[in-house]
Each structure stands twice: as C-alpha cells, then as structure tokens.
Amino acid sequence: MSVSRQVRPETETSGLKKIVAASMVGTVVEWYEFFLYATAASLVFGSYFFPNAGTELDGIIAAFLTYAVGFIARPLGGIVFGQIGDKLGRKHTLQITIILVGVATFLMGCLPGFAAIGYWAPALLVLLRFVQGFAVGGEWGGAVLLVAEHSPSTSRGFWSSWPQAAVPIGNLLATLVLLGMSWILPSDQFLGWGWRVAFWVSAIVVIIGYYIRTHVSEAPIFLEARAQVEAEKAVSYGVLEVVRKYPKGILGAMGLRFAENILYYIIVSFSIVYLKTVHDYDTSQLLLALLVAHAIHFLVIPQVGRLSDAVGRKPVYLAGAVLGASWTFFAFPMFDTENPVVIIAAVTIGLCFHALMYAGQPAIMAEMFPTRMRYSGVSLGYQVTSIIAGSLAPIIATALLQQYGSGFPVAIYVALACAVTAVAVITLKETRGVSLHDIDDDDARRHGLTTARVGR
C-alpha cells in the first residue's frame, strides 16, 4: 500500500524563519526558567529552603539535589511527549510544554520559605521542580525537530542550531533580571524577595511564546509518516518501537550528550559555587561574567551549526570534546586570579568549546532516526543522559571541592566525561547532507514497510 503525499521540494525554505522563531521563543522561555532555578539554587535556595543543612556548601548541595529532580523528570517528559509528538505532532506538544513549565516557574516565585512553613517549603519546591523538568523533557525534541524536519539537507546543521542558540538567550534574560535585581536591591532584600520577581516575569514571555506556537504548521515529512502509520497497521512508532529497532541510535545520542551536558553545568552553575565559596566573589560580578558569556555563546552557536554543514558533524563535535576536556585545567587558575576580565574570558571560552558540541546536536540526532519515531529517539537519548550527566555534575563537583578544596579533581571529572563523548563521536557514521526522506526509505526497506513517498 502506498500513501500519497503532497510533493514539496526539499530545498523549499518558505516560512522556515517563522518555524525557527516559534521553536526559539518556547526554548527561550523554558531555559530562562531552567537556568533561573540553577542560579537561584547557587545563590538563594540553599539558605532559604535548607537553613539547617550545616555549612554553606551543604546547603548548596541540598539545593542542587532539588535541581537534580528536574533532570530525573526530564526523561519521563521525553517519553510521554515523545509518544504524543510522534503520534499527534510536534506543534501540539510544544504548546502543552510551554504552559506547564510557565505555571510551575511562576508558582516557584510564590513559595514561602522554610522559616514560614517548615519542610512543606522544600517539598513544594521539589514538586514544582518535577513539573518543570517534565515539561522541559518534552520541549527540546519538539523544538529542534520542528526546525530540522523543515530544513534543507544541505543546511540542516545551521537552521536546527537556532533552537540551541535560544538556550543562551533564555539564560541571558534570566541573568539580566537577576543582575538588575541584585544591583537595585540591597543584598538582604534580594535574598529575601527580589529573586521572586525573576520567576514572576516568566508569565509574560509564556503568553507570547504560546501565541506564536499556535501559528506554525507541521513539517510535510512528519505528515507523510503519520499518514503511513494510519494507513498501514504494521507500521509502529514511539518509545517502545525506537528502543526495539534503534538501540544503537539511542546509545549513540547518549554518548554525544554526556560530556556536553556535564561541561555546560560546570561552566554555568559550578563556576558560581567555586567563585562564591572559595573567593567570596561578588554576586553582581558573577552574573555580569555570565551575561557576557551567554551573549557570545548565542552568537557562536549558529556559526558552528553552519560549520557542521560545511565540514561534517563528526570533526566539529570531536573538536568540542577535546577542547572541552582541556577547559577546566586552565579555567580554575583563571578564576583564582579574581580578575573580572580573566573570569569573563574563562567562562566565555568554556561556552565556545561547549558550542562545538551543542550546535550540531539537533541535526546529528535527527539524522539517527526515521520520522515515525524520531521525537521519541532524540528525546530518550538527550533527556535520559541528563540524569547521569547534568543533574549530577554540580553535585559531584561541589562534593569534590568540599572534599579536596581544589578545582583539580573537577577538571579530571570533566576530562573523563569528554573522553566518553569522544569515543561516541568516533564510532558514529557521518551524516552531513543526508536526506531525512532517504532515512525513512531505508527504515522501510530494513523493516519490510511501505515507503511513505510516491512519485520518486
């Protein structure tokens, strides 16, 4: 049985910028809120929700444990929304996720502290953090695939890197709000109530993002795959199918994600802890360093995506893993200078190394799976890794700092993570320029299915 499709040239990019904007705005919102929590955990939540934790580092570790709850929830969100996204579409899942994360973050800004309601305070914080992580778990796959599946094969790395570039924009906005509040308010007022404003502001951006996402369409290749599933009962999709048919793809995606995720949270979260606890560095100066670094990160990511289209996914990603392994060995000595310019340079260099891995992720992961199970495949590979990578990275690094009083063990930890990712990159097949239609056709041949295209 063949399934008819509306023929559309793959090189057509009409409306692609609108698709990119819709993907980016939601990612900006959700990562604004995710980074906001990470920064608040470093600066505020330790004392506000865990005042009886013992030392300052003990309180920070407790706050980071609630931070990790969001990462644990992300794979569940990836599974649930991956299944929904592969069946109903990328657009609908993106509308749901942006509302969920917006409501959870707004309510975080309303929570009373431990002094007011005791252990209910951290319990409610954990609950809201779980909801936030669950929503973000479904966000990334839908956002990047909405763009990747609309993009021409020859420039998929560039176009699909834009949702990745939205992450530093969200972080930039969160840093701007926190920086502004820390400048305007005395320290006691900032720690007492000023941080809440940053959580409440998210509601405005959520409304804007939701509206934009109602005005985008699904990619033709997804509509073809969905029609195929509906017309041919033997065709399956979703989480169980991708685990059975493409386990190597999931493991490969996890390997790619491992070092990138760890490096990122060492740079944007643990660097704050290190400078604050070891050198008692000024909060405003810390946020300013991140502000500059996020701005440069945003500019670099699309250019790295373009580079992956020109020279290949593997060499660019491998360079990121190798350079990322070197970063912590020179970054901590740069932090120890306590020179603001040197600190900004260290954070910025780290995020540029990170971009070499991060920019190409949507394209290379999308090229690992056929359309009928792509959302589930990329979400599993991306989000499951977050549990053992990003969620634990600040906790492990803070514990190493507490145990050894030095950044050197943290540098070893990051280097080992980068070695894992380097091996994963080397073992992968180069997919630069591959057609997603050809991936679907190959999947159909391998599993005895009818191709979704006609008129080839």
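Heads up: these notes are all about the structure in this document. (Residues numbered from 1 in each chain as written. Predicted model: local features only at pLDDT ≥ 70, side-chain atom pairs only at ≥ 80, totals over all residues. Heavy atoms only, no water.)

**Some remarks on the packing of aromatic side chains**
Where two aromatic rings form a pair, the distance of their centres and the angle of their planes describe that pair. This model, assessed by the stated rule, comprises 15 aromatic pairs. Ring geometry for Trp140 versus Tyr382: centroids 3.7 Å apart, planes at 5°, classification stacked. Of this pair, Trp140 sits in helix α5 (residues 120-148) while Tyr382 sits in helix α16 (residues 374-388); the two residues are 242 residues apart in sequence, bridging distant segments of the chain. Per residue, the accessibility class of Trp140 equals that of Tyr382, and both read buried. Site record: aromatic cluster; members linked through ring pairs are Phe270, Tyr274, Trp327, Phe332 and Phe335. (Phe/Tyr/Trp six-rings, centres within 6.5 Å; stacked < 30°, edge-to-face > 60°. Helix = DSSP H or I, 4+ residues; strand = E, 2+ residues; numbered from the N terminus. Buried < 20%, exposed > 50% of the residue type's maximum accessible area, 1.4 Å probe, protein only.)

**As for the side chain of Gln164**
Inspection of the secondary structure puts Gln164 in helix α7 (residues 162-184). Judged by its relative accessible area of 0%, Gln164 is buried. Setting aside its immediate chain neighbours within four residues, Gln164 contacts Trp140, Val144, Ile301, Tyr358, Ala359, Gln361 and Pro362. (Contact = heavy atoms within 4.5 Å.)

**Things to note about unusual backbone geometry**
Unusually for a residue other than glycine, Asp280 sits at a positive phi of about 50°. Examined against the element boundaries, Asp280 turns out to sit in the loop between α11 (247-279) and α12 (283-311).

**Digging into the packing of helix α17 (residues 393-404) against helix α18 (residues 408-427)**
Interaxial distance between α17 and α18 falls to 8 Å at its minimum, and their mutual angle equals 145°. The handedness of the crossing between α17 and α18 is right-handed. Counted together, Ala393, Ile396, Ala397, Leu400 and Tyr404 of α17 and Pro409, Val410 and Tyr413 of α18 form the full contact between these two elements. Partitioned by chemical class, the residues of the contact of α17 with α18 number eight nonpolar, no polar and no charged. (Axes fitted to C-alpha atoms, helices over the stretch in contact; angles between N-to-C directions. Left-handed = near helix turned anticlockwise from the far one by under 90°. Nonpolar A, V, L, I, M, F, W, Y, C, P; charged D, E, K, R; others polar.)

**Some points on the side chain of Arg313**
Checked against the element boundaries, Arg313 lands in helix α13 (residues 313-336). Engagement of the side chain of Arg313 in a polar contact is seen with the side chain of Asp309, the distance being 2.9 Å. (Polar contact = N/O pair within 3.5 Å; in protein donor to acceptor, adjacent residues only side chain to side chain.)

**Quick notes on the layout of surface pockets**
Of the voids in this model, the largest pocket is the one considered here, and its volume is about 620 Å³. What lines the largest pocket is a set of 21 residues, among which Tyr246, Glu367, Met368, Lys429 and Arg446 lie closest to the centre. Sorting the residues of the lining of the largest pocket by element identifies α11 and α19 (436-446) as the ones contributing at least two each. The greatest single-element share of the lining of the largest pocket, amounting to five residues, is contributed by α19. Among the residues forming the lining of the largest pocket, the class breakdown is eight nonpolar, four polar and nine charged. (1 Å grid on protein atoms, 1.4 Å probe; cavity = no way out; pocket = protein on both sides within 12 Å on 5 of 7 lines; lining within 4 Å. Points joined across faces, edges and corners; volume = space filled by probe spheres on them.)

**Some points on the nonpolar core**
Core analysis: the biggest nonpolar cluster contains 109 residues, and Phe45, Phe49, Ile262, Ile266, Phe270 and Phe335 have the highest contact counts within it. The greatest single-element share of this core, amounting to 17 residues, is contributed by α11. Beyond its immediate sequence surroundings of up to four residues, Ile266 is in contact with Ser271, Trp327, Thr328, Ala393, Ala397, Val410, Tyr413 and Val414. Counting residues in hydrophobic clusters, the runner-up holds 14 residues, among them Ile19, Val20, Ala143 and Phe158. (Core = buried A, V, L, I, M, F, W, Y, C linked by side-chain atoms within 4.5 Å.)

**What to know about α17**
The first and last C-alpha atoms of α17 sit 16 Å apart over 12 residues, in line with the 16 Å expected at 1.5 Å per residue. If you check which residues of α17 are buried, you get Ala393, Pro394, Ile395, Ala397, Thr398 and Leu401. Just downstream of α17, Gly405 is the residue with a positive phi angle, here 65°. (Expected span 1.5 Å × (residues − 1).)

**Quick word on the pattern of salt bridges**
Across all of its chains, the model carries 11 salt bridges by this definition. A salt bridge links Arg156 to Glu367, with the nearest nitrogen and oxygen atoms 2.8 Å apart. Separated by 211 residues along the polypeptide, Arg156 in helix α6 (residues 156-160) and Glu367 in the loop between α15 (361-366) and α16 bring together distant segments of the chain. In this structure, Arg156 and Glu367 share a single accessibility class: buried. Between Glu241 and Arg372 there is a salt bridge; the shortest N-O distance is 3.0 Å. With Glu241 in helix α10 (residues 238-245) and Arg372 in the loop between α15 and α16, this pair connects stretches of sequence that are 131 residues apart. Assessed through its relative accessible area of 5%, Glu241 is described here as buried. The network of salt bridges with shared partners includes Glu241, Arg244, Lys245, Arg372 and Asp443. (Salt bridge = Lys/Arg side-chain N within 4 Å of Asp/Glu carboxyl O.)

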